[in-house]
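Topology and contacts: notes
The chain contents come next:
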4 protein chains.
Amino acid sequence: MNSFGRLFGISIYGESHGKQVGVLIDGCPAGLPISEEDFKDDLLRRKSGAKGTTPRIEDDLPNIESGVFNGYTTGAPILISFYNKNTKSEDYKELFNFPRPGHADFTAKMKFGGFNDFRGGGHFSGRLTLGLVAAGVIAKKLIHPVNIQASLIEAGGKTNVKNAIDNAIKNDDSIGGIVECITENICVGLGEPFFDSVESLLSHIVFSIPAIKGIEFGSGFSAAKMFGSEHNDQLIDSTGKTITNFAGGINGGITNGNPLIFRVAVKPTSSISKTQKTINLNTGQQEELMVRGRHDACIALRVPVVLEAVTAIVIADLMLLEHKVPRVISENSAR
Amino acid sequence: MNSFGRLFGISIYGESHGKQVGVLIDGCPAGLPISEEDFKDDLLRRKSGAKGTTPRIEDDLPNIESGVFNGYTTGAPILISFYNKNTKSEDYKELFNFPRPGHADFTAKMKFGGFNDFRGGGHFSGRLTLGLVAAGVIAKKLIHPVNIQASLIEAGGKTNVKNAIDNAIKNDDSIGGIVECITENICVGLGEPFFDSVESLLSHIVFSIPAIKGIEFGSGFSAAKMFGSEHNDQLIDSTGKTITNFAGGINGGITNGNPLIFRVAVKPTSSISKTQKTINLNTGQQEELMVRGRHDACIALRVPVVLEAVTAIVIADLMLLEHKVPRVISENSAR
Amino acid sequence: MNSFGRLFGISIYGESHGKQVGVLIDGCPAGLPISEEDFKDDLLRRKSGAKGTTPRIEDDLPNIESGVFNGYTTGAPILISFYNKNTKSEDYKELFNFPRPGHADFTAKMKFGGFNDFRGGGHFSGRLTLGLVAAGVIAKKLIHPVNIQASLIEAGGKTNVKNAIDNAIKNDDSIGGIVECITENICVGLGEPFFDSVESLLSHIVFSIPAIKGIEFGSGFSAAKMFGSEHNDQLIDSTGKTITNFAGGINGGITNGNPLIFRVAVKPTSSISKTQKTINLNTGQQEELMVRGRHDACIALRVPVVLEAVTAIVIADLMLLEHKVPRVISENSAR
Amino acid sequence: MNSFGRLFGISIYGESHGKQVGVLIDGCPAGLPISEEDFKDDLLRRKSGAKGTTPRIEDDLPNIESGVFNGYTTGAPILISFYNKNTKSEDYKELFNFPRPGHADFTAKMKFGGFNDFRGGGHFSGRLTLGLVAAGVIAKKLIHPVNIQASLIEAGGKTNVKNAIDNAIKNDDSIGGIVECITENICVGLGEPFFDSVESLLSHIVFSIPAIKGIEFGSGFSAAKMFGSEHNDQLIDSTGKTITNFAGGINGGITNGNPLIFRVAVKPTSSISKTQKTINLNTGQQEELMVRGRHDACIALRVPVVLEAVTAIVIADLMLLEHKVPRVISENSAR
């Protein structure tokens, strides 16, 4: 399904080289002030333009097509669209029978009987994350003053991210990375047993972001090497604050009021300029493939703002459920 | 929510020290032969009884209360209950105001205003996984001949699991571990963009299992250290088989026909026999706590069969969606 | 699906002649006082025992199997089961190949490949409404002081219900009726555009009750004969009160604060003692059929309490969504 | 929620006087040929233009913004938008504090704290049914050769629809009507116990259409006056055909292979040119109101095509669930 969320619901649509991509948001409370300006910063962070990101230039201006009236959300569905302009579809035409290694080309073709829009990855493109970021901007406003910060803490196994990326570019190659997301000022009690733990909801939406290979909360994989006596976080007061935070801010799937911490592993961009081998699906023969088009050397560079967005979306949903965000935002609220 | 699944839907209910725990399964096709015998092996694996698992003895006999008639599923909801018998609630009475470190005691009390059944963790207990295992038995039959195998590959950071556990027991402590799950014989095309990727659905349900701190698919966290040219799996034929399997059997969120591989990190059991410190929620003062009751030294020992179950549940759901499991199982099927 | 409700979710299970029928309730706030006594009155009203209702005697005692602790709901799922005792399955054995006219026998057999439990209608039996009534009892407590009253206002086309039923019994026949449901003390603003209007949600759950053939809100079918100038309800104050109530308390799918009024048409019980004709599904030949077993001459007699229950369930769901029912009921609430 | 459907999911968005209205369709199988031409006939029927319908002229051209590639559906979400051009918002400006009788003006203002887009009814406008009709066009293609026909069988209580409408127009008034919908060539076995009966799903979506006050299946409200011996439809062969069709093609919530028949009551258009009384919400005083703008004298005239659309949407969903519509439409299919 292309929808996610129980109360703050988002639906993602569009294709990389179609007319537009975007998001339909259902369940946003009325009365939240929203303008197209509000999206600027996060969209710019997603676009990056930093060394290591694709030179495809799109202005990425959001169009609010519904659900906002006189500068405030109305309570009706909000459609935000982004028109595709700078598409170079001819770059991709040859790919229909030559699935790019590491991409969804093969699986999409099999699943959709060859009817999928394969240009630039179509509906599987990283460009679809525009809708996530846009929904995240609204969610962040809703959950104010909850504060979410994600950052790339490692690339290609190194903490010197810049060097690692330069090295990859020099080799016509790409590298992966690790992004950490920390949420502060979050209330106790978010998360729903049995199946809607905070980890369940976050990991569900996080794995919708292309290129994510793993997620860990708090101590994460290192927990597997620890003793219980080390790992148990000791409470220091009755608000739930703990000395250590191996739990990552979650016990029993429910936020405990400490910072919510998780990390994700991002694989190296699958599209690289190096020649690779693939199978010609028409003939079944192995052939060489040069993936033309414009690539990110380190797609992980663009992940932090997307990770913040999906985190905000999940928290908005859970805060609505827990009556921590009102059904109508009052006009003099700080949001 | 205590429900999961779109077409093969499961709902978990019950408390560790209440009358019963169980699962309600909705959407199972009619015509599947089911008897209470079918549950024996997996329930036994979950109970373990191995060194390192709790000595609480429950016979764990499943009661099929509805949805099965003359030995076959009817298409109506299947309720499977497990009666609690061997409960020692007095062990837990004092815990109401003394949250055990690492447990849901504090968060559950805050979220549910103190009305939660706190005895033995109540609805947060690992005992709730009985329902997952029961639903998994049915799902495994449905998806035959898909083959799922999970195993504990590391405990306390060591591959010699037995030694690591002995060491923990000797120290009145507990240890974590890593469980790997491999699914073979799986078809191409399972998983739904944008939000119901195979990774999204699996991680969602996996994080419902108590004590899981992380999940990674294929290369997982090691992908963050790799180059694209290394990580891209090379296709070798038009069925989708690849030389390497860093993708873990998934591209673009959709199964590619190669083995589906993921690993989870299990934290050390929070309940340990060592004295710990906590806060008395009545007084706000720090106090010492001895967690009585019966504990698992390495809860990860019990995770493999639960992991297989939840994997089977997700695959059953996706195969139904993809019309790979029929709506009525024919009587002479091999299932 | 056997589940209904977004925040106050209910799942119905069981078969008329199986081990039990019941309901699993997910999303009920913690802190609501509940005892098995609370169910008595409504269960008694459903059982009826009045002239015109089946003489099958079941004690219909509810068993609260989970989700209630020390007399209060815990916030975890509530399983309420009713054991079947007074089953006479032999009455129904011959029906497998002889579908009773007006029943689900034929459609259930086709849909479920003959695997359905056909005894007494199985999962299609009116007995399944026990779970609805039980969930309704809890919902009514939650939404207090909203007041729902349903009554049989017509049977067999006559307002003298008693005579109409006597007449049907005398003729070994059955009759239909009309039940009206009026909800007072309901707040303004319940109902969600576009698809979850109050009428949409109510009609959805109402048509789950066996034997319902129609539903109308406010003016209902008579609206089709009216002029706009007659039909438009005139507001008399700024709380939304209107002089007439042709709207039935709903505008644009949202409650307007006036009484919520709807009526349903109940068909005559399909099971009658008269000899009828059917098809032998084995031979394709027409044969005569005597439906043995115990029947209601006027099933509409049992509908009012079920209608109140499903109305309460929908209102509870919408009030939770609108933050009009708290997430934790405070102990000194009047509920 | 503004979404409906489990497998063939639709989401409605937009406002009468905003930038656009439309529908997002998720779950449509790949491989269905679709062009903007396909929508022409049904959109024209909805627009009507017949005497008795509003003179607001919109070209109502559908824009397929995503999900279709090279003339075929891709399996990705399909966004269809309709731009609003011929809006006269000044007609409605004064209405903010003067709720029109029979409209959602009052309830929408209360529910959304005055932030709703009230111009022309905003998100509550009948214009939103454009999205339903568009989704219905696709659904009809999917379920081919199932044949759905709806027609206005009565207006203002008369079968001479034309005269009744002329009379209403002459009096600056509006009238209601009854629309009947008959579906033929439908398979046995659609509909899901306990809560997703065919009647439940159809009535749920039908009551999303503005102005609907009642729905009845088969015998409907007349069933309440009948004896069981009359009402029970007699089977005539083992395919399920019956002599009479009081069941309306449904038993136990499941289609029985006979024509699926239901009727809806449509209220008279609330907007009339006659002067009416309302309350000034600012002052609480009664005032006179002239509803300017362009009105339908008989909105029921536009309902048949919408009713066909929502019926097709429900049937498509149930046929997908029952594996009667494939996941990928083969290119040489007749659809």
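Up top is the structure these notes are about.
Residues numbered from 1 in each chain as written. Chains lettered and ligands numbered in written order. Predicted model: local features only at pLDDT ≥ 70, side-chain atom pairs only at ≥ 80, totals over all residues. Heavy atoms only, no water.

Focus: the overall build of chain A
Keep this limit in mind: Strands here mean DSSP runs of E at least two residues long; helices mean DSSP runs of H or I at least four residues long; both are numbered from the N terminus. What the globule rule says is 2.2 Å times the number of residues to the power 0.38, and the radius of gyration is computed from C-alpha atoms. Throughout, exposure labels follow a simple rule: accessible area from a 1.4 Å probe, protein chains only, divided by the maximum for the residue type, with under 20% read as buried, over 50% as exposed, and the rest as partly exposed. Here a residue-residue contact requires only that any non-hydrogen atoms of the pair lie within 4.5 Å. In these tables, accessible area is a Shrake-Rupley quantity obtained with a 1.4 Å probe, and a residue counts as shielded only by the protein chains included in the view. Here Asp and Glu are counted as negative and Lys and Arg as positive; His is not counted, and neither are the chain ends. In plain terms, the charge of a residue is placed at NZ if it is Lys, CZ if Arg, CG if Asp and CD if Glu.
Helix and strand counts for chain A come out as seven helices and 15 strands. The C-alpha radius of gyration of chain A comes to 21 Å, within 12% of the 20 Å expected for a compact globule of 335 residues. A principal-axis box enclosing the C-alpha atoms of chain A has dimensions of 65 × 55 × 35 Å. Here chain A holds 335 residues, and the buried ones make up 67% of them. Here the analysis covers contacts within chain A between residues at least 6 apart in sequence; of these, 73% occur between residues at least 24 apart. For chain A, the exposed surface amounts to about 10,700 Å²; the carbon and sulfur share of it is 51%. Each charge class in chain A can be summarised by its mean position, and for the 34 positive and 36 negative side chains these summaries are 5 Å apart.

Brief notes about the relation of the copies chain B and chain A
Between the two copies of this chain, the relationship is a rotation about some axis together with a displacement along it. What counts, and what does not: The copies were overlaid by least squares, fitting only the C-alpha atoms of residues that reach a pLDDT of 70 or more in each copy.
The two copies are related by a screw motion: chain B maps onto chain A through a turn of 180° and a shift of 0.0 Å along the axis, at an RMSD of 0.0 Å. Classification of the inter-copy transformation places it as that of a two-fold axis. When you check the interface residues of chain B against chain A, 100% turn up at the interface there too, and the contact is symmetric in its surfaces.

Some words on the packing of helix 1 (residues 40-47) of chain A against helix 7 (residues 303-321) of chain A
Residues and elements named next belong to chain A. Our working definition: Convention adopted: a line fitted to C-alpha atoms gives each axis, helices being fitted over their contacting stretch, and angles between N-to-C directions are expressed from 0 to 180 degrees. In these notes the angle categories are as follows: under 35 degrees is roughly parallel, over 145 is roughly antiparallel, 65 to 115 is roughly perpendicular, and the rest is oblique. Under the convention adopted here, Pro, Cys and the residues Ala, Val, Leu, Ile, Met, Phe, Trp and Tyr are nonpolar, Asp, Glu, Lys and Arg are charged, and Gly plus all remaining residues are polar.
Orientation of helix 1 relative to helix 7, taken along the N-to-C sense of each, is 135°, at an axis distance of 7 Å. It follows from the interaxial angle that helix 1 and helix 7 lie oblique. For the pair helix 1 and helix 7, contact is made by Asp 42, Arg 45 and Arg 46 and by Pro 304, Val 305, Val 306 and Glu 308, respectively. Split into classes, the residues belonging to the contact of helix 1 with helix 7 amount to three nonpolar, no polar and four charged.

Quick notes on helix 4 (residues 161-170) of chain B
Residues and elements named next belong to chain B. Heads up, the condition is: Throughout, the arc means that of the directions going from the helix axis to the C-beta atoms.
What helix 4 keeps buried is the set Val 161, Ala 164, Ile 165 and Ala 168. For helix 4, the buried positions fall inside an angular range of 95° around the axis, keeping them on one side. Of the exposed residues in helix 4, the ones pointing more than 90 degrees away from its buried face are Lys 162 and Lys 170. Buried positions along helix 4 lie against strand 8 (147-155). Phi for Asp 172, located one or two positions after helix 4, is positive at around 55°.

Some thoughts on the pairing of strand 3 (residues 20-26) of chain C
If a strand is regular, its side chains alternate between the two faces of the sheet. Residue and element names in this part refer to chain C. Stated precisely, the cut-off is as follows: Pairing between two strands is assigned when DSSP locates at least 2 bridges connecting them.
Of all the seven residues making up strand 3, seven are buried; the element is thus mostly covered by neighbouring parts of the structure. Where burial is concerned, the two faces of strand 3 agree: the one with Gln 20, Gly 22, Leu 24 and Asp 26 and the one with Val 21, Val 23 and Ile 25 are both buried. Where strand 2 (residues 9-14) and strand 3 come together, six bridges link them in antiparallel fashion. In the strand pairing of strand 3, Ile 12 is matched with Val 23. Relative to strand 7 (residues 78-83), strand 3 runs antiparallel, the two sharing six bridges. Bridge assignment links Ile 25 to a residue of strand 7, and that residue is Ile 78.

Some thoughts on the sheet that holds strand 10 (residues 212-217) of chain B
The strand order across the open sheet formed by eight strands is 8(A)-9(A)-13(A)-10(A)-10(B)-13(B)-9(B)-8(B), and the pairing between neighbours is antiparallel. In the strand order of this sheet, the two ends are held by strand 8 (147-155) of chain A together with strand 8 of chain B, each with one partner. Averaged over all pairs of adjacent strands, the angle between their axes in this sheet comes to 20°, without regard to strand direction. With five bridges connecting them, strand 10 (residues 212-217) of chain A and strand 13 (residues 260-266) of chain A associate as antiparallel partners. Bridge pairing in strand 13 of chain A links Phe 217 of chain A to Phe 262 of chain A.

A look at the packing of aromatic side chains
Applied cut-off: In summary, the pairing rule links any two rings of Phe, Tyr or Trp, Trp by its six-membered ring, whose centres are within 6.5 Å, and it sorts them by plane angle into stacked for under 30 degrees, edge-to-face for over 60 and tilted for everything else.
Enumeration according to the criterion identifies 30 aromatic pairs over all chains in this entry. Here the aromatic rings of Tyr 72 of chain A and Phe 115 of chain D are separated by 5.3 Å at their centres, their planes lie at 40°, and the arrangement is tilted. Taken as a pair, Tyr 72 of chain A in strand 6 (residues 72-73) and Phe 115 of chain D in the loop between helix 2 (105-111) and helix 3 (129-143) lie in two separate chains rather than in one. A residue is classified by how much of its surface remains accessible, and Tyr 72 of chain A, at 23% relative accessible area, is partly exposed. Overall, Phe 115 of chain D belongs to the buried group, its relative accessible area being 10%. Pairing Phe 217 of chain A with Phe 207 of chain B gives two aromatic rings, centres 5.2 Å apart and planes at 85°, and the pair type is edge-to-face. Taken together, the positions of Phe 217 of chain A in strand 10 and Phe 207 of chain B in the loop between helix 5 (198-206) and strand 10 put the pair across two chains. Relative accessible area serves as the criterion here: at 4%, Phe 207 of chain B is assigned to the buried category.

None of this, on its own, says anything about what the molecule does.
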